[in-house]
Every structure is written in structure tokens, then in C-alpha cells.
Amino acid sequence: MDEAVRILRGGGLVAAHTETVYGLCGDATNGEAVAGIFEAKGRPSFNPLICHVASLEMAGRIAVLSPEALILAERFWPGPLTLVLPMRPEASLHPLVTAGLPTVAVRVPRGPLRELADRMDRPIAAPSANRSGRISPTTAEHVLRTLDSRIALVLDGGATSHGLESAIVGFGPEGPVLLRPGPIEVEKLSAVLGCEIRGRVSNAVLNAPGQMTSHYAPHGAVRLDAERPQSDECWIGFGPDPVEAAACASATNLSPRGDLREAAANLFAALNRFDDPDIPRIAVASIPHVGLGHAINDRLRRAAADR
Ligand code: TXA
Ligand code: MG
């Protein structure tokens, strides 16, 4: 545990047991750690991650709990329930954690992952500790099967008791919605809440945040795989900039040294910076289609898509 805390403080990744599945953990306020999670998983896109906290009080520091949310949290935390809640701006979560959404998924787990959040006194971002497309891990051996060379350490707590990812509840304009079924039955959640929790509906915001095209689109048109900016374009570079970038009204660089993890960590900030009605055109340097580059290009494609 001491070593795991040391690794997380340095922006590294560890895997940890929870009662649902093992989580691949990083400091949710550290952009390179969060980008490292996507890289280690080999995720082709940046789905938002669950923030794990040690207590209800800690949850209240990063998110706003409505009276309904509070009822579920008090009854089921620590436990296999995740709540999607409005994020507090002062939470200082890295935007990759929420995929740029104004909401954050929060859970108080049982086991070593909770202790990590407590010792760090910071939210811990953690998806299941497996390579993308592989099966969720319910033992430390499962974790090592696909992540051995990519993480420094596993906090082994034996086999997980539920073996299934947490239930996720969000709160839409028409009341609570079950976004992902999990170990706690929806009937039980509804009974505790005293009102019916609906199943997933075709509400794009609540259903598939990572898949929404418009969410990542800035006001201006986005031109990808650009070699250099034209005179009326803002510039988002990667690797050494062309000389024209210096003449740009507005230019930024995702990673001058061409590091994909650094670029991923800076991506949402760069798109946000140029998301302005007064900025009509943005040119983006080409990003290699390897490793984290797939996830970065996935988001850039959405940002550049016709609306
Ligand atoms: O049991 C679990 O929940 C495990 C352990 C490690 O805690 N974690 C887990 O994480 O299953 P992951 O990344 O596989 O699933 C997170 C889910 C995704 O489906 C994601 O879309 C959703 O949570 N999610 C995260 N933030 C969200 C948000 N702001 N709004 C809606 N859905 C969100
Ligand atoms: Mg998973």
C-alpha cells in the first residue's frame, strides 16, 4: 500500500482490488496519469472514467449530491453503485476523466482501492484493469494476464465478491435513470429511493457521453492532418511546429516532443481554448495512429465531423 501510494503520487498507475472488478488506478487530477490509463488499456477512445473516493464527504468535494443521490449514496456506499452527478468546477479533475462532460461518475468502493483514495486524499480514476476488449479482471492473475508489463503493482485482495462492474445511476430531467445494470438490482434501488428508476432511454447525454459527436466540437471548423496553419486558422500542433505556427494569432502544441501521453493530457484543454464563436477555423497537425494516437484521433475526428 505504501508503495502504491508512492507510485500514484508520482503520476504512475497501479491495479487494485474492489468488490466489483479490479481497477486500473491513477490520480484523477493528474493529466498524464489519466492519459496513461487510456494508454495502458489501449482504449481506442476516451470514455469518461469513474472517480473513486473514500467517503461521502470526499464525494461532496468533487460533485453535487441532490437529495435523491444522497439517499442512494447513504444506503449503498461503500458498494457496487456509481452515481453520475454534476461536477464541482473546483474539483480540479483532469478533463480526460470526464471526457469534457460537466458531470462526473463517482463511487465509494470497498477494499484496497478505497484505502488508496483515502491515503491519497484525492479522487482515483479507475476503469476495469484489463486491456480494451478483454474480459474484466476478478483476480490479480487476470490483471497480470493483460497488463503485466504496463503497471508497476497490483494490490491483491483475492477474488472479487461481485465479479461484475458497478450499477450506474444518472439523474436526468425526468428523474433517475439506470445507465448500467450491476450487482444491485434496479428494483432494490427504486425501493430505497421510493420512486421508479427507469432503464436506459434514448437520451444521448446520459446514454453514451463518449460517443456524442457534438460534445467535442468547438465552434469553428476543424481541419485535421494539417502540415501548417493558413493565415486565418488557429493551430494545434504535435511535435516540432512549422514556422508558420509562430505567426498564428493563436497556437498551441499538444506535445512539442511528440509524446502521445502528454498530447492526450492536453487535448481537451486545447479544444476548449479555441472553442470560441470568434474563432472560425482550427488546423490540427497529424497525430500518429499508434497507441494513444487512436483515442486522440477518435476525438479529433468527432471534433472535425460535419454538424
Ligand atoms: O465496478 C466498476 O464500476 C469498475 C471498478 C473498477 O470500480 N469500474 C468500471 O469502470 O467499470 P469503466 O470505465 O469500465 O466504466 C465506466 C462507465 C462507462 O460506461 C462510462 O461511460 C460511464 O461509466 N461514465 C463515466 N462517467 C460518466 C458520466 N459523466 N456520464 C455518464 N456515464 C459516465
Ligand atoms: Mg470495463
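Since we're looking at a predicted model, the values are computed, not measured.

Quick word on the environment of Gly-163
Mapping Gly-163 onto the fold places it in the loop between strand 7 (154-155) and strand 8 (167-172). For Gly-163, a relative accessible area of 36% gives the class partly exposed. When the C-alpha positions of Gly-163 and Asp-118 are compared, they lie 23 Å apart, and in sequence the two are 45 residues distant.

Comments concerning the UniProt feature "binding site: L-threonine" (unreviewed entry) in the protein
Per the UniProt record, "binding site: L-threonine" (unreviewed entry) is annotated on Thr-20, His-52, Arg-107, Ala-126 and Ser-166. Across 147 residues in sequence, these annotated residues keep their C-alpha atoms within 12.6 Å of one another, forming a single compact spot. With respect to the helices and strands, the residue Arg-107 is situated in strand 5 (residues 103-107). Of the polar contacts made by the side chain of Arg-107, one reaches the side chain of Glu-19; its length is 3.2 Å. Excluding residues that lie within four positions of it along the chain, Ala-126 makes contacts with Gly-23, Leu-24, Cys-25, Ile-50, His-52 and Leu-113.

Observations concerning the UniProt feature "binding site: ATP" (unreviewed entry) in the protein
According to UniProt, the feature "binding site: ATP" (unreviewed entry) maps to Arg-43, Asn-47, Thr-103, Ser-128, Ser-136, Arg-180 and Tyr-216 in the numbering used here. As for its position among the elements, Ser-128 is in the loop between strand 6 (124-125) and helix 6 (140-147). Ignoring sequence-local partners within four residues, the contact set of Ser-128 consists of Val-21, Tyr-22, Leu-24, Lys-41, Ser-136, Pro-137 and Glu-165.

Side note on the sheet that holds strand 10 (residues 221-226)
By way of backbone hydrogen bonds, the strands of a sheet pair with one another, either parallel or antiparallel. Strand order in the open sheet made by the four strands is 10-13-11-12, with parallel pairing throughout. Edge positions in the sheet fall to strand 10 and strand 12 (251-253), since each of these pairs with one other strand and no more. On average, adjacent strands in this sheet sit at an angle of 15 degrees to one another, irrespective of strand direction. In terms of strand pairing, strand 11 (residues 234-237) meets strand 13 (residues 281-285) through three bridges, oriented parallel. Paired with Trp-235 across the bridge in strand 13 is Ala-283. Packed onto the sheet, helix 11 (residues 293-304) meets strand 10 and strand 13 and runs at close to 140 degrees relative to strand 10.

Conventions used here
- Sequence order sets the numbering: in each chain, residues are counted from 1 along the sequence as written.
- Here every chain gets a letter starting at A, and every ligand a number starting at 1, in the order they are written.
- With pLDDT at 70 or above as the cut-off, local features in this predicted model cover only qualifying residues; side-chain atom pairs require 80 or more to be listed or tallied, and sums for whole chains, interfaces and linings still use all residues.
- Note that water and hydrogens are dropped before the side-chain values are worked out from all heavy atoms of the structure.
- Each helix corresponds to a stretch of at least 4 residues labelled H or I by DSSP, and each strand to a stretch of at least 2 residues labelled E; elements are numbered beginning at the N terminus.
- Burial classification: accessible surface area is computed with a 1.4 Å probe over protein chains only, and a residue below 20% of its type maximum counts as buried, one above 50% as exposed, and the rest as partly exposed.
- UniProt positions are given in the numbering used here, feature names are shortened, and annotations may be inferred rather than shown by experiment.
- Polar contacts, as counted here, are pairs of nitrogen or oxygen atoms within 3.5 Å of one another; within protein the pair requires one atom able to donate a hydrogen and one able to accept it, and residues that are adjacent in sequence qualify only if both atoms are side-chain atoms.
- Contacts between residues were defined by any pair of non-hydrogen atoms, one from each residue, lying within 4.5 Å.
- Pairing between strands is defined by DSSP: at least two bridges between them are needed.
- For helices, the axis comes from a line fit to the C-alpha atoms of the stretch in contact; other axes are also lines fit to C-alpha atoms, and the angle between any two N-to-C directions lies between 0 and 180 degrees.

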